[in-house]
Amino acid sequence: MDSIRFGCWVFLFCLLLSTTGYSRNLTSRPAVVNIGALFTFESSIGRVAKIAIQEAVKDVNANSSILRGTKLNVDMRNSNCSGFIGMVEAMRFMETDVVAIIGPQSSVVAHIISHVANQLQVPLLSFAATDPSLNSLQFPFFVQTTQSDLHQMAAVSDVVDYYGWKQVTAIYIDDDYGRNGISALGDKLAERRCRISYKVGIPPDSGVNRTDILDILIKVALMESRVIILHVNPDVGFEVFSVANRLQMMGNGWAWITTSWLSSVLDSASPIPSETMDSIQGVLFLRQHTPDSDRKRGFYSRWRKLTSGSLGLNSYGLYAYDSVWLIAHAIDAFFNQGGIISFSNDSRLRSVKDSGLHLEAMSIFDDGKLLLNNILQSDLVGLTGRIKFDKDRSLILPAYDVNNVFGTGFKRIGYWSNYSGLTVVPPEILYTNPPNRSSANQQLYKVIWPGDTLITPRGWAFANNGKQLRIGVPIRVSFREFVSQARETDTFKGFCIDVFTTAITLLPYPVQYQFIPFGDGENNPSYTELVNKITTGFFDAVVGDIAIVTNRTKILDFTQPYVASGLVVVAPFRESNSIAWTFLRPFSARLWIVTGCFFFVVGLVVWILEHRINDEFRGPPKTQIITVIWFSLSTLFFAHRENTMSTLARFVLLIWLFVVLIINSNYTASLTSILTVHQLSSPIKGIESLKESDEPVGYQVGSFAEYYLSEEVGISKSRLVALGSPEEYAKSLQLGPGKGGVAAIVDERPYVELFLAGQCTFRIVGREFTRSGWGFCTLPLYRNIFSREWLFPSLILSSSHLFAANQAFPKDSPLAVDMSTAILALSENGDLQRIHDKWLMQNTCSSDTSELEADKLHLRSFWGLFLFCGIACLISLLIYVLQITRLFCRAAPAESASPDQCPSRPGNIRRLLTLMDQKEDRTKNESKRRKLERSFSRKDQDGESLRNPKRKETESTIGATSA
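Residues numbered from 1 in each chain as written. Predicted model: local features only at pLDDT ≥ 70, side-chain atom pairs only at ≥ 80, totals over all residues. Heavy atoms only, no water.

Spelled out, the test is: UniProt positions are given in the numbering used here, feature names are shortened, and annotations may be inferred rather than shown by experiment.
The chain has the name Glutamate receptor in an unreviewed UniProt entry, where Salix brachista is given as its organism. Quoted straight from UniProt, the Subcellular location (unreviewed entry) entry for the chain says "Membrane".

Okay, here's the thing in structure tokens:
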């Protein structure tokens, strides 16, 4: 009984606890929840945001399912785009016990009041502050409810890369918003191998005037880049465009890209003054992409009724509307989790209680972290699409519209998203497909560029600063046909000079340059020092036969080559006369040995396969040996008279006759050439024979051949002899290695051809063992944005001895494409050939074009045939052994049936050899086969008669009648 009474008390106590908890959950929902809103009322964004926030609060309070009786109250304050005023208004909010603040609009204000929000634990939800650094861990209570500039700059970088531009000029507002945005742009451009060549900040205060902007744009106009990224606020932005039009920077050849500030004005202002629209023709700008939906279209219709068409709705207004709903859902989840809106004083502010600032009135939101977590964990659909935050506290699925201003309005030319890049299909459609960021999938519609043209701007031009390019030219003392200086003048001539000057005239812009000699005129200069003069800035460019080695390709790109080049070997030659053993010359010794061995191997294989069944391959041992030798050698002339009866032997013989046919044909052709064609011979056959010998090898002074021969080929440097002129070439080759000369010279083909034009006793032996070309190259033109020093472009006309490529130009140099186009034009119109003939076409020896090649046929040319034949022999022998083994196994049981015999291993081998040597009785086998056929035929006739007896009677009657 006591236990029942105790159980009742326990039940009543639990019921009381649950009732108390429930009533606490209900009473924890106050009648009104206060939130703040901080932005600039009179800005293009603020005017739209004010109405959007008011309408959002009305919609939340009208929806009974969201806060369930609690009303949302918003207190809006004007920050007037001032960090100081914004901080003051934020502190005033903290005195009114607000649980969250929508805003601020400005990134500068956000940086200031975020510190206050962190201390008082009041979440900030900004619909317009896009500074990417605000997402850092430094500001945990700051939440961007719009797209971060980190994604916007990725979109700008993709647009730059899509049009093939490699460098841009950035103009930005010099505050937290502008600096951090441009910093993100630089990082994103670097990921695409692009860069900011010059950037300039505009003071953020209102004191900037038109003259300041004029000075900035004049500096920009002197830069190389013609692609301008404008990341400012609307007031400064339109002033920049006005001055740019005055400076004719909105015409052909220019490209302007603005961030989303321009869309906030064009979407909300109505109408846009015609002067303003005329100043921004051809500009590309970005706008946050919001998916189309019925709810969004309904709100647009409602907006037009509210504003009577006097104010347009931009994307920031949509984000402001959704921010209110985001707070409402988070507060509702906050109450459902038992959260209570309560504030406590900060003990750290008691020390300033008597300061007169009344800072003690500010209080800490006790459950601010719980509300912040509910905000970051929200997942709802608003006017801007799905509202959900990733692990970096940024909205998921960022996307932008890419728009082009023309006429009295603008058009959308595509979309950008971090899911699929640039497309003409809305991103929400592509989210259902696998992501595809390939370059082939990137697409935008046609753009009307500044100057009312559809031609995509090149994106750069030579800096218009009046300074001539300092182009260094080596003073050569040998092979002066390529480059030389006229005596006692500053003029230069030669093949390289003519190609350079002719190509430079084909560029669509003027290039001012000055040739500066380099060298003492007595010896060829050091080309390493000459190239280093470019890196130190002493020369802006170099024209000449500069060797471009692999390590220089890391900083240079080459144009389309205008001369094919490669290393070749030059050696003396002599006429070769026919001798008694000339008939052995077509084949190398190894090929003769292998061919002879195969003759006997094939003969032996055929003998093994035919020995048991063919009488022509039987007889005394002496006779059989002669037969094998005769048969194998006679196949050379297809004159073998022995018939083959085995299928395997015929298979082997067929393959071998094909091999003999190929070898015989090549031998005949080679021997005919040796006996009838004028032959030149040299002990040096090519680079391989030089490598195997220990004789000295010559090379041109300053040529990269020294490095290549020692490091790549492996020839000792002690064997290498430097030669400085064609005369030294001829003298060293004539002396030979025995008299202090060289066995051969390794140099580039253009120099060798020029040398051989007047030397008829030397020839090129072997083949080219490197491939390269001669082309133009230049150092990159860019502005050092930190030291603000101007670095000018450099041109190099060089013999580009590259091991991996024939073209060399600095990485991403815009001049490379234009110079390549000019060289191709020279090649197509014949000017390049005429320049070549002018300088390099001279009287040559009658046989100077003939090269000494190895005149022997080697085993490597026929190893496939021999391998095929060898495999055929092995397969045939294997099948033959299996057949003999089967016969031996059948004969073994019959012999082992005798009890007097005990099989042994030597006996088995003897019997196997006897079986292989035994003559197969093919007549007996044939008679057995015929008997079997007759037996089967009779059985078939008997079966037919049983199935058709009438037919048998008829046949009997016919037989009797005929009898």
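Anyway, onward from the coordinates.
Quick look at the overall build of the chain
Operational definition: Helix and strand assignments come from DSSP, with helices taken as H or I runs of at least 4 residues and strands as E runs of at least 2, each series counted from the N terminus. Under the scheme applied here, a residue whose accessible area is under 20% of the maximum for its type counts as buried, over 50% as exposed, and between as partly exposed, the area being computed with a 1.4 Å probe on protein chains only. Contacts: residue pairs with any heavy atoms within 4.5 Å of one another.
Helix and strand counts for the chain stand at 30 helices and 34 strands. Scored against the burial criterion, the 963 residues of the chain give a buried share of 49%. Taking contacts inside the chain between residues at least 6 apart in sequence as the whole, the part at least 24 apart equals 74%.

As for helix H19 (residues 621-634)
Structural remark: α-helix, 3.6 residues per turn; residues separated by three or four positions point the same way. What counts, and what does not: The span you would expect from a helix comes to 1.5 Å times its residue count less one. This arc describes the spread of directions from the helix axis toward the C-beta atoms.
For H19, which comprises 14 residues, the first-to-last C-alpha distance of 20 Å matches the rise-based estimate of 20 Å (1.5 Å per residue) to within 8%. Every buried residue belonging to H19 is among Gln624, Thr627, Val628, Phe631, Ser632 and Ser634, and all of these are buried. Projection of H19 onto a plane perpendicular to its axis shows the buried side chains occupying an angular sector of 165°, all on one side. Exposed side chains of H19 directed beyond 90 degrees from the buried face belong to Lys622 and Ile625.

Some thoughts on the nonpolar core
Across soluble globular proteins, you tend to see nonpolar side chains buried next to one another. Definition in use: Grouping buried Ala, Val, Leu, Ile, Met, Phe, Trp, Tyr and Cys residues that are joined through side-chain atoms within 4.5 Å yields what is termed a nonpolar core.
One finds Ile35, Ile53, Phe127 and Ile331 to be the most contacted residues of the largest nonpolar core, which totals 73 residues. Not counting residues up to four positions away in its chain, the partners in contact with Ile53 are Ala37, Phe39, Val74, Met76, Ile102, Phe127, Ala320 and Val324. By size, the runner-up hydrophobic cluster in this structure holds 46 residues, among which are Leu469, Phe515, Val543 and Leu832.

A short note on the sheet that holds strand E29 (residues 744-748)
As a reminder, the rule being used: For two strands to be treated as a pair, DSSP must find no fewer than two bridges joining them. Structural elements are reduced to axes, namely lines fitted to C-alpha atoms, with helices fitted over the stretch in contact, and the angle between N-to-C directions of any two is expressed from 0 to 180 degrees.
Ordered in space as E28-E27-E29-E24-E30, the five strands form an open sheet in which the pairing is mixed. Each edge of the open sheet carries a strand with a single partner, namely strand E28 (720-723) and strand E30 (762-765). Put simply, the sheet's adjacent strands are angled 35° from each other on average, direction ignored. Direction of pairing for strand E27 (residues 697-700) relative to E28: parallel, over a ladder of four bridges. From the neighbouring strand, Val697 faces E28, where its bridge partner is Leu720. Helix H24 (residues 749-756) contacts strand E24 (567-572), E27, E29 and E30 of the sheet and is inclined by roughly 125° relative to E29.

Quick word on the environment of Glu522
Here Glu522 lies in the loop between strand E21 (513-518) and helix H17 (527-535). Glu522 sits in the exposed class, given a relative accessible area of 63%. In this structure the C-alpha to C-alpha distance between Glu522 and Ser478, which are 44 residues apart in sequence, comes to 9.9 Å.

So, the UniProt feature "transmembrane region" (unreviewed entry) in the chain
UniProt's feature table lists "transmembrane region" (unreviewed entry) at residues 591-609, 651-675 and 862-882, given in the numbering used throughout. End C-alpha to end C-alpha, residues 591-609 measures 27 Å, and it is 100% helix and 0% strand.

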